[in-house]
Amino acid sequence: MWVLLFKVEKLRQTESKPIVEFKPGDKPRIEVFAGEKSKPISPYLFGKFTENLGNNIYHGFWAQILRNSGFEPSKYFSHHGEKGLERKLAHSGISEVWPDLLESHKAGVACFWARWGTGNVSYSLSTDRINSETSQRIEIRSLSTPQVGILQPIYLPIHRTCEYEFTVWAKGTIKELHAIIRTLDGKDLCGTTFSVNPNWQKRKGKLTIKRNGVERGQPLLFTIGAEEKGEVFLDQCFLFPTDNVEGFDPDILHFLKESKLTMLRFPGGNFVSGYHWQDGVGPLDERPMRVNPAWDQEEPNHVGTDEHLALCRLLGCEPLICINAGNGTPEEAAQWVEYCNGELDTELGKLRAKNGHPKPYGVKYWEIGNELYGSWQIGNCTPEEYAERYRRFYEAMNAVDPNIKFIANGQDLNWNKPIIEKDADILRSLSTHQLRGAGIPAETDPEIAYKAFMALPFWFEAHLHEMARQMAEGGVRVPTIALTELQIHTHRPELPNNQTLSEALLYAGMANTAIRSQGIVEIITHSALVNHGGGLRKQREFVYPNPVYWAHRMYASQPGRTPINIRITGPKFSVAELADLPEWNDAPWLDAIALLDETEKEMNILVSNRHPKDPLTVDIALHDFQAECEAFVETLTGDDFMAMNTFDEPEAVKPIHSTTGIHSTGFTHTFPPNSLVRLRLKKS
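Since we're looking at a predicted model, the values are computed, not measured.

## Here's the deal with the confidence of the model for the chain
- For the chain, the mean per-residue pLDDT works out to 94, and 97% of the residues sit at or above 70.
- Segment residues 1–17: pLDDT under 50, and 28 contacts once partners within four positions in sequence are set aside and those in other chains are kept.

## What to know about the packing of helix α6 (residues 330–341) against helix α8 (residues 383–400)
- The geometry of α6 relative to α8 is characterised by a closest axis approach of 8 Å and an angle of 30° between their N-to-C directions. Taken as axis vectors, α6 and α8 run roughly parallel relative to one another. Once α6 is placed against α8, the crossing between them reads as right-handed. Mapping the contact onto sequence places Pro330, Ala333, Ala334, Val337 and Glu338 in α6 and Arg392, Phe393, Ala396, Met397 and Val400 in α8.
- The residue inventory of the contact of α6 with α8, partitioned by class, reads eight nonpolar, no polar and two charged.

## Observations concerning the pairing of strand β30 (residues 616–623)
- Relative to β30, strand β2 (residues 29–37) runs parallel, the two sharing five bridges. Note on β30: the bridge partner recorded for Val32 is Leu622.
- Two elements, β30 and strand β33 (residues 666–671), share six bridges in a ladder whose sense is antiparallel. Bridged to Thr617 within β33 is Thr670.

## Examining the pattern of salt bridges
- All chains considered together, the criterion is met by 36 salt bridges.
- Lys27 is paired through a salt bridge with Asp619; the nearest N and O atoms lie 3.2 Å apart. One end of the pair, Lys27, is in the loop between β1 (19–20) and β2; the other, Asp619, is in strand β30, and 592 residues separate them in sequence.
- Judged by its relative accessible area of 43%, Lys27 is partly exposed.
- Among the residues examined, Asp619 registers a relative accessible area of 21% and is labelled partly exposed.
- Between Arg265 and Glu485 there is a salt bridge whose closest N-O contact spans 3.0 Å. A residue pair is termed long-range when its members are at least 10 positions apart, and Arg265 in strand β14 (residues 263–266) and Glu485 in strand β21 (residues 480–488) qualify at 220 residues.

## Concerning the pairing of strand β18 (residues 365–368)
- Of the two faces of β18, both are covered, the one formed by Tyr365 and Glu367 as well as the one formed by Trp366 and Ile368.
- As paired strands, strand β17 (residues 318–323) and β18 are joined by four bridges and run parallel to one another. What sits directly across from Ile321, in β18, is Trp366.
- Examined bridge by bridge, β18 and strand β19 (residues 405–408) share four bridges and lie parallel to one another. When the bridges of β19 are listed, Trp366 appears paired with Phe406.
- As a crossover connection, the stretch from β18 through α8 into β19 is right-handed.

## Examining unusual backbone geometry
- Residue Gly269 is bonded to the preceding Gly268 through a cis peptide linkage, with omega at 5°.
- Inspection of the secondary structure assignment puts Gly269 in the loop between β14 and β15 (290–292).
- Here Ser527 and Ala528 are connected by a cis peptide whose omega angle stands at -5°.
- Mapped onto the elements, Ala528 comes out in the loop between β22 (521–527) and β23 (536–539).
- Located in the positive-phi region is Phe71, a residue other than glycine, with phi close to 55°.

The rules we used
- Residues numbered from 1 in each chain as written.
- Predicted model: local features only at pLDDT ≥ 70, side-chain atom pairs only at ≥ 80, totals over all residues.
- Heavy atoms only, no water.
- pLDDT = per-residue confidence, 0-100.
- Contact = heavy atoms within 4.5 Å.
- Axes fitted to C-alpha atoms, helices over the stretch in contact; angles between N-to-C directions.
- Helix = DSSP H or I, 4+ residues; strand = E, 2+ residues; numbered from the N terminus.
- Parallel < 35°, antiparallel > 145°, perpendicular 65-115°, else oblique.
- Left-handed = near helix turned anticlockwise from the far one by under 90°.
- Nonpolar A, V, L, I, M, F, W, Y, C, P; charged D, E, K, R; others polar.
- Pairing = 2+ DSSP bridges.
- Salt bridge = Lys/Arg side-chain N within 4 Å of Asp/Glu carboxyl O.
- Buried < 20%, exposed > 50% of the residue type's maximum accessible area, 1.4 Å probe, protein only.
- Right-handed = clockwise from strand over helix to strand, strands pointing away.

Here it is as structure tokens:
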């Protein structure tokens, strides 16, 4: 153990080495020592995190268009009665398109759907259904309009494709139904007709729109209607763009592939502490609707284990499964491991094969629980209780697959202490979450909040070494930390938030801290993939990146994996404690890391100037690296730290490419305020 203690103590003593004293009148300077190399960084520092929260999955990376495709009761969509449902409909953005949604629901139409046409018609939810709890029943006694039925306001990715595949289960005395996509003023854009029988049958059709002036993000109507009297039941209604890739939005896949994502953590998050994985496997039409226990929304289970792992395969990234250690059991977790990794001679390996996946997935990384220290978490407990819980889950899961790597639910020194004391012999890694800023008052000066966030990575660097030292002293053989949730968490438009340039600069600081940690940080899964948190935004079926997407892409796409020693001289600042953001003194405005690729012929230097107003002109000295006379420059910046992309201006913040000249041993470069710059140098 003395070797580990020596290593951690050495790290503690050198954790501030990159930043040297800066005096008035000094010129900012970065010295890069290419001959002084550290061991290669973990490949999993450039991951993301996703869970069913907001429109992260559904109306996020999942391509299916319709809401409440199973025509289920409103209790699944809001935990707060009619008022809650009214807020939910308003938040969805479709009630302003079609104001009759709430009144239609009161008249017996399923949540998110509305009445179409007029006549002597009654609507109700029926327990005669294909799946879950109810179907939509429509009884037509007379028609005052050519068609009567139901509708849903929708948006389509019309900028990308005109073709859509429609499926629905139907039965009734009506002979024919018509599925039509229309404009709000009633103009038909496309449609298909299908027959109805007295018994349940699944019907399919293709809808091909003629654009005819339909604009990106234009609201449209999807209608299912009849032209005759009778009764009809509808269930499990889906509308997918035909260019979906195994159910996923191809625009989102494109962005994620370009960002070189290395790890994806799922399915939670708070959500996982009440999630039971068996609900999310098997045919889509047979998966049950559940109440999302963590968030005020539904869980249709259309995206489960097989879909998440298909997404990881499509992106070429490593999965990290966080298991339900809240109201779940060790036996349930062990079964999940067997479903993912078991051979075909196991019970759950056979089930996986029946579901279309005969080859074991070989999921390597498993996190036992999420934020169980928090009162907001289902199954929250004391650290002593968690230490016992961790051992039970570990032993059950390890018995199924002894090759998997475990991450325990950690957070801070007080929480971690009993876990280390009781479980050091089976402890490999502890998680930590850095979601900060929720308690900052709205009236706070945004620049004060911004500075507090920019100082956070330097506090976190010291905190990391304290955590690692505690683990080493407690007997953990090779202590590692997994930063499995990270984002600015203010959720206030008037303050730095996860959609602004501030998030990109915080991410850069945390990535630098991880790279400098000499292996202590094994994993970063930044929050989140789509819509909830920083990453990608999907509005009205149009996808565009937040600034932090570009920062992640700049780090992950560069080929450097070997850190080299770097020394920075630059101005500093100090911050007072602000809500849950700690006080910190002498944080540098200028931060940088340098990485060599495996050939040692390419060097990438990533430099942040976090000053909110002032550019910094910096002398960059190269040691043991004779560079070509020109460097590639990629600059991410904006008008200020609150700059962001929007539906109307999706490229307001994006990298700008240029070059800069290099002398034999260095060069000078001016870094704009609020900027992240990647300098790519090649050996001459």
